[in-house]
Amino acid sequence: MLNKIVLASNNAGKLREFSALFAAQNIEILPQSAFNTPECPEPFHTFVENALAKARNASRASGLPALADDSGICATALGGAPGVLSARYAGENPKSDTANNAKLSADLATHSDKSCYYVCVLVFVRHENDPQPIIAEGIWRGQWQPESAGENGFGYDPHFYVPEYGCTAAELSPEQKNAISHRSKALAELVQKINAA
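Every value quoted in this text rests on a predicted model; they were computed, and no experiment measured them. (Residues numbered from 1 in each chain as written. Predicted model: local features only at pLDDT ≥ 70, side-chain atom pairs only at ≥ 80, totals over all residues. Heavy atoms only, no water.)

Our next topic: the nonpolar core. Phe18, Phe22, Leu67, Leu122 and Leu190 are the most contacted members of the largest nonpolar core, which totals 17 residues. For this core, the element with the highest residue contribution is helix H5 (residues 182-196), accounting for five residues. In contact with Leu67, other than residues within four places in its own chain, are Ile5, Val6, Leu7, Ala8, Phe18, Phe22, Leu122, Val123, Phe124 and Leu190. Membership of the second largest hydrophobic core comes to 16 residues, among which are Tyr89, Leu108, Tyr156 and Val162. (Core = buried A, V, L, I, M, F, W, Y, C linked by side-chain atoms within 4.5 Å. Buried < 20%, exposed > 50% of the residue type's maximum accessible area, 1.4 Å probe, protein only. Helix = DSSP H or I, 4+ residues; strand = E, 2+ residues; numbered from the N terminus. Contact = heavy atoms within 4.5 Å.)

What follows is the structure, given as structure tokens:
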């Protein structure tokens, strides 16, 4: 009986989001920090490989089933960049949303195609060496808007224009965003797959 899952993240926002979703399944979500889990390197070029590495790392440290996500924004005109490098697109020291947004705006300035999309890949492992991880993916399509708008959200949200709402992701309420985002789509698919397994 599955009743506890370790989340391969120390992000308080992600912990709240995942805890709320899994509460309906009577599953407790624990942060990896509760098990002194070392940070996991993310050397791979794909979201799924990085998420799988993080899930296995958290399961190894905790001895529990683990859930990890890897997500980012991809610009069509840039061949999918920044992709897995989204959090550190403008550099590592320090990581900065403002610098990342400025770099992506500059990189897209000469391109007429401003389409972009958020990707979230979730990986669930029952144990460290699970040969059949459960994988779910959510994609949220939009347009890059050079000027920033909105106070909600984080990361690239102030520039991610959502055509069907006529505003950026940062102008949506948290409830609106959580109903349509890449993460919510991936979570819904993951829960369905876990329940069917």
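Glancing now at the UniProt feature "binding site: Mg(2+)" (unreviewed entry) in the chain. UniProt's entry tags Asp70 with the feature "binding site: Mg(2+)" (unreviewed entry), counted in the numbering of this structure. A residue is classified by how much of its surface remains accessible, and Asp70, at 5% relative accessible area, is buried. Beyond its immediate sequence surroundings of up to four residues, Asp70 is in contact with Glu42, Thr46, Phe47, Asn50, Ala51, Lys54, Val84, Val119, Cys120 and Val121. (UniProt positions renumbered as here; feature names shortened; annotations may be inferred.)

With that settled, consider the packing of aromatic side chains. Going through the model one piece at a time under the given rule, you end up with four aromatic pairs. With centroids separated by 4.5 Å and ring planes inclined at 40°, the aromatic side chains of Tyr118 and Phe160 adopt a geometry described as tilted. Separated by 42 residues along the polypeptide, Tyr118 in strand E4 (residues 115-125) and Phe160 in strand E6 (residues 160-162) bring together distant segments of the chain. What links up through ring pairs into an aromatic cluster is the set Tyr118, Trp140 and Phe160. Sitting over the face of the ring of Tyr89, Lys103 holds its NZ or CZ atom 4.8 Å from the ring centroid. A cation over an aromatic ring shows up here: Arg141 above the ring of Tyr117, its NZ or CZ 5.0 Å from the ring centre. (Phe/Tyr/Trp six-rings, centres within 6.5 Å; stacked < 30°, edge-to-face > 60°. Lys NZ or Arg CZ within 6 Å of the ring centre and 35° of its normal.)

Within E4, 10 of the 11 residues are buried, leaving the element largely enclosed by the surrounding structure. As judged from the 10 bridges shared by strand E3 (residues 66-75) and E4, these two strands associate in the antiparallel manner. Residue pairing across strands places Ala68 opposite Val123, the latter belonging to E4. Pairing of E4 with strand E5 (residues 134-144) involves 10 bridges; the strand directions are antiparallel. Each residue of the ladder has a partner; that of Val119, found in E5, is Ile139. (Pairing = 2+ DSSP bridges.)

For the rest of this paragraph, the subject is the environment of Ser96. Within the secondary structure layout, Ser96 lies in the loop between E3 and helix H3 (97-108). Relative accessible area serves as the criterion here: at 23%, Ser96 is assigned to the partly exposed category. Considering only alpha carbons, one finds Ser96 and Leu21, 75 residues apart in sequence, at a separation of 29 Å. There is a polar contact of 3.3 Å between the side chain of Ser96 and the backbone nitrogen of Thr98. For Ser96, the side chain forms a polar contact with the main-chain nitrogen of Ala99, separated by 3.0 Å. (Polar contact = N/O pair within 3.5 Å; in protein donor to acceptor, adjacent residues only side chain to side chain.)

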